[in-house]
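Close look at the chain arrangement
What follows is the residue order along each chain.
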Amino acid sequence: MIDFALRTLPFLWDGLLVTLHVSAVVLVASLALGVAAGVGFAYGPLWVRLPLRLCSDVLRGTPLLVLIFCVYYLLPFAGLNLQPFPAAVIALSAFKSAHVAEIARGAISSIAPGQVDAGKAIGLTFAQRLAWVVFPQALRRFLPPWVNSVTDTVKGSSLVSLVGIVDLMLAAQQVIGRTYEPLPVYVLAALMYFAINYALSVASRRLEARFAYIRE
Amino acid sequence: MEYHLNFNFVWKYADKLWWGLALSVQLAFVSILIGCVIGLALALAHSGGNRWTRGAVAAYVEFVRNVPLLLLVYLVFYGIPSAGGFAYDATTSFVATLAIYSGAYLVEVFRAGLDAVPRGVIDAGKAIGLTPWQRFVELRLPIMLRVVLPSLSNAFISLFKDTSLASVIAVPELTYGANWIKTNTFRQVEVWLVVWPIYLVTGWAILAALRQLERRFSLGRRR
């Protein structure tokens, strides 16, 4: 059993690195896009908010797997011929951005309007108000749900295996294809996913407890 | 080179999509029913149980919530039968997986719902001489159900979307139908241009219907 695990682990390890790579790219891209969209939701005029609402609802209303297939098969039709990796990363990032945007919108709208007015009164520009007044306060409400949602990204990244990217999921499948031992390999892969995601869940709970005082 | 859209092939096999959609909704519905039973039973076990039951429930919840659903689908369909020397069909396997999966999320929902039942209502039940079973069926359960209804509808929508994963073990639901048409006619652009809106519109329609239901049963405030 241990021997089996030792022979299997190097393959799964390579897959795990791909899973982490995909997740990291998606997290960075979605953080940038999502926070920008969140600011648009909170402070944008109607012609910004409406399209954002539409995009967010469409993205969140589509099953992630369907979104990956749509990006993979429809973007070439729009003249953008993509390899599986960028296609999958674009789909995951778009999906994640919509979720980050909702978290950011909630965090930003929770800041009392008086704070922004005070910033205006002392002559801060919009960017300064965001950077020095809104974001530092909104961060405490943004961070716990965002860290918690990182597990969704790691779990969602397993779907890239279905367009042929050898992540942890597909690496496990390939090992099974050679060894015909599905159960131990799946359990091993599950434990690897669990280790990452459980650590993130615990971190999220710690952060939540740390920031609990602002919720009185 | 110009690509000419031709939806004829999609219409020709449209029954695969409609039956697929019907199956998707059914999968989500059956799964959430079983998931509710699991969730409620475990929430009660958690609130009434000792340290060991609580530990077991927590282990189940944490394991399921921290592992990708796709992996659970494979694990239940390929992994478990290979060790037990038995087999079940893909649909049964997927419903079992989705029920186990939703159960882990619904435990938390029901636990919060049970906590939200006011102490005074239970005490009032005791005062008028209701048995513990009556207090549970007549008071805790109905009040709790009204509290958790919005969470249940969200869970149902999310399960409906998750049914697309059933296609990987060849359950003939909507995504499988789409992939079938894609493989057999090579009309991948057309088929996804049709299937994407089907998922969106169905999801939104279910959501609107459930919100209506919530309004009907919500506790006070919004008539």
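A quick note: this is a predicted structure, and the numbers were derived from the prediction, not measured.

Now for the overall build of chain B. A count of helices and strands for chain B gives nine helices and zero strands. Projected onto the principal axes, the alpha-carbon positions of chain B cover approximately 80 × 50 × 25 Å. A buried classification covers 37% of the 223 residues belonging to chain B. Once local pairs closer than 6 in sequence are excluded, the contacts in chain B between residues at least 24 apart make up 77%.

This next bit is on the overall build of chain A. The secondary structure content of chain A amounts to eight helices and zero strands. Its C-alpha atoms give chain A principal-axis dimensions of roughly 70 × 45 × 25 Å. Across the 216 residues of chain A, 38% fall into the buried class. In chain A, 76% of the contacts between residues at least 6 apart in sequence involve partners at least 24 apart.

With that settled, the discussion passes to the packing of helix α7 (residues 168–179) of chain A against helix α8 (residues 182–210) of chain A. Residues and elements named next belong to chain A. Across the interface, α7 lies against α8 with an axial gap of 9 Å and an inter-helix angle of 160°. On the basis of the axis angle, α7 is roughly antiparallel to α8. Here α7 and α8 pass one another in a crossing that is right-handed. Contacts from L168, M169, A172, V175, I176 and T179 in α7 reach P182, V185, Y186, A189, M192 and Y193 in α8. Residue classes in the contact of α7 with α8 are distributed as 11 nonpolar, one polar and no charged.

Residues and elements named next belong to chain B. When the pLDDT values of chain B are averaged, the result is 90; 97% of them are 70 or greater. Between the elements of chain B, mean pLDDT differs from a low of 83, seen in helix α1 (residues 8–12), to a high of 94, seen in helix α5 (residues 90–116). For this predicted complex, the interface score ipTM comes out at 0.91, while the overall pTM is 0.91.

Looking now at unusual backbone geometry. In this model, Y180 of chain A sits at a positive phi of 55°, which is unusual for a non-glycine residue. Along the chain, the position of Y180 of chain A falls in the loop between α7 and α8. The phi dihedral of A170 of chain B falls on the positive side, at around 65°, and the residue is not glycine. Mapped onto the secondary structure, A170 of chain B falls in the loop between α7 (132–162) and α8 (174–185).

Below, the discussion takes up the nonpolar core. Counting residues in each nonpolar core, the largest one holds 108 residues, and the members touching the most others are I68, A172 and A189 of chain A together with L71 of chain B. When sequence neighbours within four positions are dropped, the list of residues in contact with I68 of chain A reads A88, A91, L159 and V163 of chain A.

All names here are of chain B. Where helix α6 (residues 119–127) contacts α7, the axes come no closer than 10 Å and their chain directions differ by 165°. In terms of axis orientation, α6 runs roughly antiparallel to α7. As for how α6 packs across α7, the hand of that crossing is right-handed. Within the contact between the two elements, α6 uses V121, I122, G125 and K126 and α7 uses R135, L139, R140 and I143.

All right, on to the environment of N184 of chain B then. Tracing the backbone through its elements, the reader meets N184 of chain B in helix α8. N184 of chain B gets classed as exposed once you count the C-beta atoms within 10 Å, which come to 11.

With that out of the way, let us pick up the environment of A209 of chain B. You can see A209 of chain B is positioned in helix α9 (residues 188–217). Separated by 43 residues in the primary sequence, A209 of chain B and A166 of chain B place their C-alpha atoms 25 Å from one another.

The next thing to look at is the environment of V154 of chain A. All names here are of chain A. Turning to its location among the elements, V154 is positioned in helix α6 (residues 126–156). On the basis of neighbour count, V154 is assigned to the buried category, with 22 C-beta atoms found within 10 Å. In sequence terms V154 and V66 are 88 residues apart; their C-alpha atoms lie 18 Å from each other. Here V154 is in contact with T19, S23, Y193, I196 and N197, once residues within four sequence places are set aside.

Definitions and limits used
- Residues numbered from 1 in each chain as written.
- Chains lettered and ligands numbered in written order.
- Predicted model: local features only at pLDDT ≥ 70, side-chain atom pairs only at ≥ 80, totals over all residues.
- Helix = DSSP H or I, 4+ residues; strand = E, 2+ residues; numbered from the N terminus.
- Buried ≥ 20, exposed ≤ 12 C-beta atoms within 10 Å, placed from the backbone.
- Contact = placed C-beta atoms within 7 Å.
- Axes fitted to C-alpha atoms, helices over the stretch in contact; angles between N-to-C directions.
- Parallel < 35°, antiparallel > 145°, perpendicular 65-115°, else oblique.
- Left-handed = near helix turned anticlockwise from the far one by under 90°.
- Nonpolar A, V, L, I, M, F, W, Y, C, P; charged D, E, K, R; others polar.
- pLDDT = per-residue confidence, 0-100.
- Core = buried A, V, L, I, M, F, W, Y, C linked by C-beta atoms within 7 Å.

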